[in-house]
Amino acid sequence: CCPKCRRSCINAQVLWADIQRDIRDRLLREERLILALKAQFDDNEVTARLEQDIKVKDAEIQKQENAKDAAFTIGMVITNYPVERVQAEIDKAEARIQCLKAERIELERRLDALKERRLNAEGVRRFCQQVARSIDNLTKNQWENLNQLLKLQIIVYSTNLVKINLALPPVREGEIEFSRL
């Protein structure tokens, strides 16, 4: 019974059994987790943008290579053209090329990291199946750790309405709420 109002009584063991069942049956649904994780990790827009940025860097690098060639050609074609000016143009283009190559390498690193994080749906399925098999054998301490990890919050409004909030750790903004009526 509620120590404050002394009107509502709820069987904590029955409630806890229902919560455990809901965690097992509703929370660990493979399809739900896969969709949530895909939304987080399989961002095709970011991948496409990074790939486009790499192409732009390649085009800029080629443009600077052409600028070096043009400076050299001008130095060869125009009589008495200052060699220092030709070398300055070549050096300027080469410095820009080195900068662009460094930026391109960083973009490739980010793209590779994004591709590594891509969702392995089969791995999520195996994880869910393993957890579903093991969840019934958790000790009290293990349940407490899981509840902390899930940020489990139980709000009892009445004997007929209990609100349960929790958040999955791998899903940044996704929270699940379900009620027991």
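Here, every reference points to the structure presented above.
An account of the accompanying structure is given in this report.

About the thresholds
- Here the residue index of a chain counts from 1 through its sequence in written order.
- The predicted nature of this model means local features are confined to residues of pLDDT at least 70 and side-chain atom pairs, given and counted, to a pLDDT of 80 or more, with totals for whole chains, interfaces and linings taken over all residues.
- Side-chain calculation: all heavy atoms of the structure are included, whereas hydrogens and water are not.
- In this description a helix means any DSSP run of H or I spanning at least four residues, a strand means any run of E spanning at least two, and both kinds are numbered starting from the N terminus.
- The cut-offs for exposure are 20% and 50% of the maximum accessible area for each residue type, with area from a 1.4 Å probe on protein chains only; residues under the lower value are buried, those over the upper are exposed, and the others partly exposed.
- A contact between two residues is defined here by any heavy atoms of the two lying within 4.5 Å.
- Per-residue and other accessible areas were derived by the Shrake-Rupley procedure at a 1.4 Å probe size, with only the shown protein chains allowed to occlude residues.
- What we call a nonpolar core is a set of buried Ala, Val, Leu, Ile, Met, Phe, Trp, Tyr and Cys residues that are connected through their side-chain atoms within 4.5 Å.
- Patch construction takes residues with relative accessible area above 30% that form no salt bridge. Like charges are linked within 9 Å, and nonpolar side chains (Val, Leu, Ile, Met, Phe, Trp, Tyr) are linked within 5 Å.
- Salt bridges, as used here, are contacts in which a Lys or Arg side-chain nitrogen is within 4 Å of a carboxyl oxygen on Asp or Glu.
- Expected helix span is taken as 1.5 Å per residue step, with the number of steps being one fewer than the number of residues.

**Re the overall build of the chain**
Now for step 1: Along the backbone of the chain there are six helices and three strands.
Now for step 2: Along the chain, helices and strands appear, N-terminal first, in the series α-α-α-α-α-α-β-β-β.
Now for step 3: Looking at the 181 residues of the chain, the share that counts as buried comes to 27%.
Now for step 4: Partitioning the intrachain contacts of the chain with sequence separation of at least 6 by distance along the chain shows that 61% fall at a separation of at least 24.
Now for step 5: For the chain, the accessible surface area stands at approximately 12,700 Å², while carbon and sulfur atoms represent 51% of it.

**Remarks on the nonpolar core**
Now for step 1: Judged by nonpolar contacts, L15, I19, I23, I135, W143, L150, L152, V162, I164 and L166 together constitute the single largest core of ten residues.
Now for step 2: Of all the secondary-structure elements, those providing two or more residues to this core are α1 (12-27), α6 (140-150) and β2 (162-167).
Now for step 3: The contact partners of L152, leaving out residues within four places of it in the chain, are W16, I19, N147, I164, N165 and L166.
Now for step 4: Membership of the second largest hydrophobic core comes to five residues, among which are L50, I54, L107 and L111.

**Quick word on a nonpolar patch on the surface**
Now for step 1: A contiguous nonpolar patch, built from F72, I74, M76, V77 and I78 and spanning about 510 Å² of accessible area, is present on the exposed surface.
Now for step 2: In this structure, I78 sits in the loop between α3 (44-77) and α4 (83-116).

**A few points about α3**
Now for step 1: The end-to-end C-alpha distance of α3 is 49 Å, a good match for the 50 Å that 34 residues give at a rise of 1.5 Å each.
Now for step 2: Of all the positions in α3, only T47, L50, I54, K57, I61, Q64, K68 and A71 are classed as buried.
Now for step 3: Its buried side turned inward, α3 meets α4.

**Quick word on the pattern of salt bridges**
Now for step 1: With the rule as written, the count across this model stands at eight salt bridges.
Now for step 2: Between E103 and K57 there is a salt bridge, and its shortest N-O distance comes to 2.6 Å. Residue E103 is found in helix α4, and its partner K57 is found in helix α3; the two are separated by 46 residues along the sequence.
Now for step 3: What makes E103 partly exposed here is its relative accessible area of 29%.
Now for step 4: For E108, the salt bridge goes to R104, with nearest N and O atoms at 2.0 Å. Residue E108 and its partner R104 are located together in helix α4, separated by four residues, close to a single helical turn.
Now for step 5: One network of salt bridges, with partners in common, ties together D58, R104 and E108.

As far as function goes, none of this settles anything; it's purely spatial.
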